[in-house]
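Structural overview
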Amino acid sequence: MEIAPSSSRFKLYDQLELLEFPDKYVVKPVDSPHEGFSVDRRDGNIKPLDDNTSSGNATKVSTVFGVAGTIRLLAGTYLFVITSREEAGTFLGFPIFRVTAMKFLPCNGNLRFATAQEKKDEAYFRTLLQALETTPGLYFSYETDLTVNLQRRCKLAVGWTSKPMWKQADPRYVWNWHLLEELIECKLDGFITPLLQGNILSLSSVSILLGLFIYIYQVAELQLTNTPSVISLISRRCTRRLGTRMWRRGANLEGDTANFVESEQIVEINGFKFSLLQVRGSIPLLWEQIVDLSYKPQLKINKHEDTPKVVQRHFHDLSQRYGEIMVVNLTDQHGAEGELSKAYATEMARLPNVRYVAFDFHHICGTTNFDNLGVLYEQIGDEFEKQGYFLVDAEGNILEEQKGVIRSNCIDCLDRTNVTQNYMAQKSLNLQLQRIGVLDSAECVSMFEDDYTKFRTIWAEQGDEISLQYAGTYALKGDLVRYGKQTVSGAIKDGISAMSRYYLNNFQDGVRQASSDALDLISGRYTVGTNSPSQLQPIGGSQPSFLPVASALLIGGVTVTSFTIHQAGRNTQQYLASALWAGVTAGVVAMIKANGRHLCSRPRLCHLI
């Protein structure tokens, strides 16, 4: 397997010049100015460059670092470009970049001919594009594909890396796949930049393991202190059921689940490369949890005759890609979560080839007993070790293959799942280093305090990034991953994150950054129609103006009630005023509770399933 650039490897143009003319945009490589294409600013038509295309004086010239696609709305096309980037590290020897700024360039000169309703709809779509411009966690590389895991890469045919980058990529993990269609049709292969949403973290060192105390191995007979080593953690978010936390739960009818993420831990040491895959995803049933201003909205399982087929489709797809599947369900086994868990277990009983393990994380581990995950490992450890990991040597010879994968989930597939995946990754890392003699059978990573902290930190940071993308806040229980226990500062941070999630879920997720609407638009789940009436669902009639009034009445009622109660002992009139304001406050609370669903921000483009 190649780990360095070669003459036969496909490479994207890495620095582009964007020229803005009154009637068109021109994009061309800095190093190959005769290559490139133009986009008409009136109708969005794309043409290759010719001698006349870039003649004249541009009104503005700027540098961009990739073309992420195009999207057609009611009044025309928008060209999507990467305007800023930062190097995030390397992946198998190739530079990786994180997108830090993007921009949609309008090519909608026909907007002036649109109707009033079309202009209104177009304005809403543009707010979604503006939200997408600040989407977090987008990565790309000019020289290698990021969407295919190491085991699959090593099995691909010779010549695979000479194909255009978009052909190398796995579409399910390309965030902007739908936006690339027009560029692909125009055969602009050198410009098409597939974006991966997820997280990529790596730590490298000249000592044996993430910078182990060098003096420990100074006198070791194996002289391992100067062995280069790199540990990378890459998470790939599936695009088939994108959406925010409360507005994308469970599965769709095709068996795709919300918050489905493939996480791969890669260790490079002594010429060997190890890979461990784990996946997470929402419980693959048809269920929802519509926000209604309560802290924990009610879970609702949608009774549907196709539910068994949905579950079967989901696990058939996983088996085709990963082999043997072991499900670890971390949800509570009582209350509302318990009802969902029972329904999940019932469906899993129909799949004899998939092992299902229920582990009540909150009951067994609580908020502080991270080590109690050993109880889970006692149940699944043997099978986990049989699934194994992938191992390839310096010559590209495959020594081990991962035969299966653990699919972990809690309700959100965030906090409890992060802690559990970190624990399993640590167990696998011990086995890997023991396999090549770096550690003996009595040693484990946790014995090296500084390096164990670094290892847990990259897993905690990955958990934060995945949580920011799905829930809008940092992950809870991050201390359990970083330190193995809950700290006071961590408890305060968790409390702030929990309150932030409540606010975002109820009042922002319908239209916020990377919202369900914006993601439905960019993923192609919602297609803009130019010859049909407006399909946008109303934002909620009078609710947006009612909520501030209700909030003001509630706050005012509580304040006045408290004041009049303090004064009530003085005369009957003030006592009656206290009772009156208490009644008004109670009435407002009851009205808000009864209409909670209608007061919350909700998506307008697509249904939940």
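Everything below is about the structure shown above.
So, here is what we can say about the structure in this document. (Residues numbered from 1 in each chain as written. Predicted model: local features only at pLDDT ≥ 70, side-chain atom pairs only at ≥ 80, totals over all residues. Heavy atoms only, no water.)

It is worth spelling out the overall build of the protein at this point. Along the protein, the regular secondary structure elements total 16 helices and 20 strands. Taken across its 609 residues, the protein has 54% of its residues classed as buried. Put simply, 70% of the contacts in the protein that link residues at least 6 apart link residues at least 24 apart. Surface summary for the protein: the accessible area is close to 26500 Å², and the carbon and sulfur share equals 52%. (Helix = DSSP H or I, 4+ residues; strand = E, 2+ residues; numbered from the N terminus. Buried < 20%, exposed > 50% of the residue type's maximum accessible area, 1.4 Å probe, protein only. Contact = heavy atoms within 4.5 Å. Areas by Shrake-Rupley, 256 points an atom, 1.4 Å probe, with all protein chains shown as cover.)

Moving on: the pairing of strand β2 (residues 24-29). Counting buried positions along β2 yields six of six residues, so the element is predominantly enclosed. Residues of β2 alternate between two faces, with K24, V26 and K28 on one and Y25, V27 and P29 on the opposite face, all of them buried. Bridge analysis of strand β1 (residues 16-20) against β2 gives five bridges, and the strand direction is antiparallel. Looking at the pairing, L16 lines up with P29 of β2. What sits between the antiparallel neighbours β1 and β2 is a turn of three residues. (Pairing = 2+ DSSP bridges.)

What follows deals with the sheet that holds strand β5 (residues 60-64). The strands that make up a sheet pair up through hydrogen bonds in the backbone, lying either parallel or antiparallel. On the basis of which strands lie adjacent, the open sheet formed by five strands has the order β4-β3-β2-β1-β5 and antiparallel pairing. Single-partner strands in this sheet number two, and they are β4 (46-48) and β5. If you compare each strand with its neighbour and ignore which way they point, the axes differ by 20° on average. Where β2 and strand β3 (residues 37-40) come together, four bridges link them in antiparallel fashion. Bridging across to β3, V26 finds its partner in S38. (Axes fitted to C-alpha atoms, helices over the stretch in contact; angles between N-to-C directions.)

Given two aromatic rings, one states the distance between the centres and the angle between the planes to describe the pair. Counting across every chain of the model gives 15 aromatic pairs. Aromatic side chains F80 and W175 sit 6.4 Å apart centroid to centroid with 50° between the ring planes, which places their arrangement in the tilted category. Residue F80 is located in strand β7 (residues 77-91), and its partner W175 is located in the loop between α3 (165-168) and α4 (181-185); the two are separated by 95 residues in the primary sequence. Residue W175 is classed as buried on the basis of its relative accessible area, which comes to 2%. A centroid spacing of 6.1 Å and a plane angle of 40° characterise the contact between F125 and Y526, whose relative ring orientation is tilted. In this pair, F125 is assigned in helix α1 (residues 116-132) and Y526 in the loop between α13 (516-523) and α14 (543-567), connecting sequence segments 401 residues apart. An aromatic cluster of at least three residues, connected via ring pairs, comprises F370, Y377, F384 and Y423. The ring of F21 carries K24 above its face, with NZ or CZ at 4.7 Å from the centroid. Of note, R85 hangs over the ring of F97, and the distance from its end group to the ring centre comes to 4.6 Å. (Phe/Tyr/Trp six-rings, centres within 6.5 Å; stacked < 30°, edge-to-face > 60°. Lys NZ or Arg CZ within 6 Å of the ring centre and 35° of its normal.)

Function-wise, these values are silent; they only describe arrangement.
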